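Letter by letter, the chains look like this.
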Amino acid sequence: MDKLIIKNMSFGSYLKKQRETNKWTAKDIADRLGFSASYISQLENDTRLPSQKQLVVLANAYEVSEEELRKQWTESKIHKVSISGDYKFNIKDAGEKRVEEMTHKLEAGLEELKKTITADEVAHYKMPLFSSIPVEDLDLHLKHADEFIFIPKNGIVRGHRIFGVRVSDIQFPEASIIAGDLIMLDADIEVSDGDIVVLSTPDGLLMTHYKKRGDFLEIVTSEQGFKKSYSGRDAKLIGRLIYHIKKY
């Protein structure tokens, strides 16, 4: 579905226009987010501005890019700061002291906004995002990634190689992971039986539950009753699933 990009409107109007263009009700969006319809109404009427941490889930629910939503959100914050005080006056009629006072107020407001945005960014991890799973030279892929998304740092192990992948060919319907979803993998985290992992095997890439049986890994998938065991040398762990975002 093509994403609608709307310029020069408030954050709430942007959300509302996106919803109405796709013929969704406020309840549709509320159900996706697990929020109340009244909260959605407050967002779309600009009586409430979400925190930056909520932008990821809002982008998914309204099916817009996080980058575009973040831009709209930032512009709304700046606009809110700019009208929070009495900044509308005729500069020709104002004395130098009045102009200086209003300038300081605006600068202070923008500095406070900057601190808020910076604090949110510090609390997030800039994760590389790929359209296919990198099998070889993961470090090289991470170094030269050209697409990223921000995710909360909570639960992220510092120093681990973590990346996201848009699910396409490699799916795991047993765990409701299908094409269009987004998965996040940790290449360095410890793996235990039952964890969902991505493995590189002689039969190609597989997503499955990790089952170690002695020196072998047992692989079972629903695809054509696939069941096989690989030695530790033949099955390379690409990463363990740490997050899964469904495509609506």
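One can find the structure itself at the top, above this paragraph.
Each chain has its residues counted from 1, running along the sequence as written. Totals for whole chains, interfaces and linings use all residues, but because this is a predicted model, local features are given only for residues with pLDDT of at least 70 and pairs of side-chain atoms are given and counted only at 80 or more. Remark: hydrogens and water are excluded; side-chain values derive from all non-hydrogen atoms of the structure.

Visitor: Explain the overall build of the protein chain to me, please; I cannot follow it from the model alone.
Guide: Counting its regular elements, the protein chain contains seven helices and 10 strands. The long-range share in the protein chain, meaning contacts at least 24 apart out of those at least 6 apart in sequence, stands at 59%. The way it works is that DSSP assigns letters per residue, a run of H or I at least four long becomes a helix, a run of E at least two long becomes a strand, and they are numbered from the N terminus. We call two residues in contact when some of their heavy atoms are within 4.5 Å.

Visitor: Looking at this structure, I do not really get the packing of aromatic side chains. What am I missing?
Guide: The description of an aromatic ring pair uses the distance of the two centres, along with the angle that the planes make with each other. Here a pair means two rings of Phe, Tyr or Trp (six-membered ring of Trp) with centres within 6.5 Å. Their orientation is stacked below 30 degrees between planes, edge-to-face above 60, and tilted elsewhere. Counted under the stated rule, the structure contains two aromatic pairs. Centroid distance Phe 35 to Tyr 39: 5.1 Å. Interplanar angle 80°. Geometry classified as edge-to-face. To sort residues, take the accessible area from a 1.4 Å probe on protein chains only and compare it with the maximum for the residue type: under 20% means buried, over 50% means exposed, and anything in between is partly exposed. Overall, Phe 35 belongs to the partly exposed group, its relative accessible area being 31%. Whether a charge sits over a ring comes down to the Lys NZ or Arg CZ being within 6 Å of the ring centre and within 35 degrees of the ring normal. A cation over an aromatic ring shows up here: Arg 32 above the ring of Trp 24, its NZ or CZ 4.4 Å from the ring centre.

Visitor: For this particular structure, what's the right way to read the pattern of salt bridges?
Guide: Only one rule defines a salt bridge in this text: a Lys or Arg side-chain nitrogen within 4 Å of an Asp or Glu carboxyl oxygen. Using the criterion set out here, one finds 11 salt bridges in the structure. Put simply, Arg 161 and Asp 139 hold a salt bridge, and the shortest N to O gap is 3.3 Å. Residue Arg 161 is found in the loop between β2 (148–152) and β3 (162–166), and its partner Asp 139 is found in helix α7 (residues 138–143); the two are separated by 22 residues along the sequence. The exposure class assigned to Asp 139 is partly exposed, which follows from its relative accessible area of 49%. As a salt-bridge pair, Arg 161 and Asp 188 come within 2.9 Å of each other at their nearest N and O atoms. Linking Arg 161 in the loop between β2 and β3 with Asp 188 in the loop between β4 (182–186) and β5 (196–201), this pair joins segments that are 27 residues apart in sequence. Of the residues examined, Asp 188 reaches a relative accessible area of 31% and is grouped as partly exposed. What you see here is one network of salt bridges that share partners, running through Asp 139, Arg 161 and Asp 188.

Visitor: Help me understand the pairing of β2, please; the structure alone is not making it clear to me.
Guide: For a regular strand, the rule is simple: side chains alternate between the two faces of the sheet. The side-chain alternation of β2 yields one buried face, formed by Ile 149 and Ile 151, and one unburied face, formed by Phe 148, Phe 150 and Pro 152. Sheet topology places strand β1 (residues 124–130) next to β2; five bridges connect them, and they run antiparallel. Residue pairing in the sheet places Tyr 125 in a bridge with Ile 151 of β2. Strand pairing follows a simple DSSP-based rule, namely that at least 2 bridges must link the two strands.

Visitor: Would you mind showing me how to read unusual backbone geometry here?
Guide: The phi torsion of most residues other than glycine is negative, and most of the peptide bonds are trans. Of note in this structure, Lys 23 is not a glycine but carries a positive phi near 60°. For Lys 23, the position within the fold is in the loop between α1 (11–21) and α2 (26–33). The exposed category is assigned to Lys 23, whose relative accessible area is 74%.

Visitor: Please explain the sheet that holds strand β6 (residues 204–209) as it appears in this structure.
Guide: The pairing of strands in a sheet comes from backbone hydrogen bonds and takes either a parallel or an antiparallel form. Pairing in this open sheet of seven strands is mixed, and the strands run β2-β1-β3-β4-β10-β5-β6 from one edge to the other. In this open sheet, the two edge strands, each paired with only one partner strand, are β2 and β6. For this sheet the average axis-to-axis angle between neighbouring strands, irrespective of direction, equals 35°. Pairing geometry for β1 and β3, over two bridges, is parallel. When the bridges of β3 are listed, Leu 129 appears paired with Gly 164. A fitted line through C-alpha atoms represents every axis, and for helices the fit uses only the stretch in contact; the resulting angles, taken between N-to-C directions, go from 0 to 180 degrees.

Visitor: In this structure, what is going on with the side chain of Asp 181? I would like to understand it.
Guide: Turning to its location among the elements, Asp 181 is positioned in the loop between β3 and β4. With relative accessibility at 1%, the residue Asp 181 sits in the buried group. Polar side-chain contacts of Asp 181 include one of 3.1 Å to the side chain of Lys 246. Whenever two N or O atoms come within 3.5 Å, that pair is a polar contact, provided that in protein one can donate a hydrogen and the other can accept it, and provided that, for residues adjacent in sequence, both atoms are side-chain atoms.

Visitor: Would you mind showing me how to read the environment of Ile 40 here?
Guide: Within the secondary structure layout, Ile 40 lies in helix α3 (residues 37–44). As for Ile 40 and Lys 27, which are separated by 13 residues in sequence, their C-alpha atoms are 8.2 Å apart. For Ile 40, the residues in contact, after removing those within four places along its chain, are Ala 26, Ile 29, Ala 30, Leu 33 and Tyr 62.

Visitor: Could you clarify how one ought to interpret the layout of surface pockets in this entry?
Guide: Think of a ball as big as a water molecule: rolled over the atoms, this probe shows where empty space is left. Estimated volume of the largest pocket: approximately 740 Å³. Buriedness of a pocket was judged along seven lines, with at least five required to meet protein on both sides within 12 Å; pockets are open sets of points on a 1 Å grid over the protein atoms alone, cavities are sets where a 1.4 Å probe fits but cannot get out, and lining residues have an atom within 4 Å of a point. Lining the largest pocket are 24 residues, and of these Asn 60, Val 64, Glu 66, Arg 166 and Leu 182 lie nearest its centre. Those elements giving two or more residues to the lining of the largest pocket turn out to be α4 (55–62), α5 (66–83) and β2. When residues are grouped by polarity, Ala, Val, Leu, Ile, Met, Phe, Trp, Tyr, Cys and Pro land in nonpolar, Asp, Glu, Lys and Arg in charged, and all others, Gly among them, in polar. Class assignment for the residues of the lining of the largest pocket results in 11 nonpolar, three polar and 10 charged. Counted as a void, the second largest pocket has a volume near 300 Å³. Grid points are joined across faces, edges and corners, and a volume is the space filled by probe spheres set on the points.

Visitor: Teacher, can you tell me more about the pairing of β4 here?
Guide: Burial runs high along β4: five of the five residues are buried. Burial along β4 is two-sided: the face carrying Leu 182, Met 184 and Asp 186 and the face carrying Ile 183 and Leu 185 are both buried. Two strands pair when backbone bridges link them, and β3 and β4 are joined in this way by five bridges, in the antiparallel orientation. Among the inter-strand pairings, Ile 162 is bridged to a residue of β4, identified as Asp 186.

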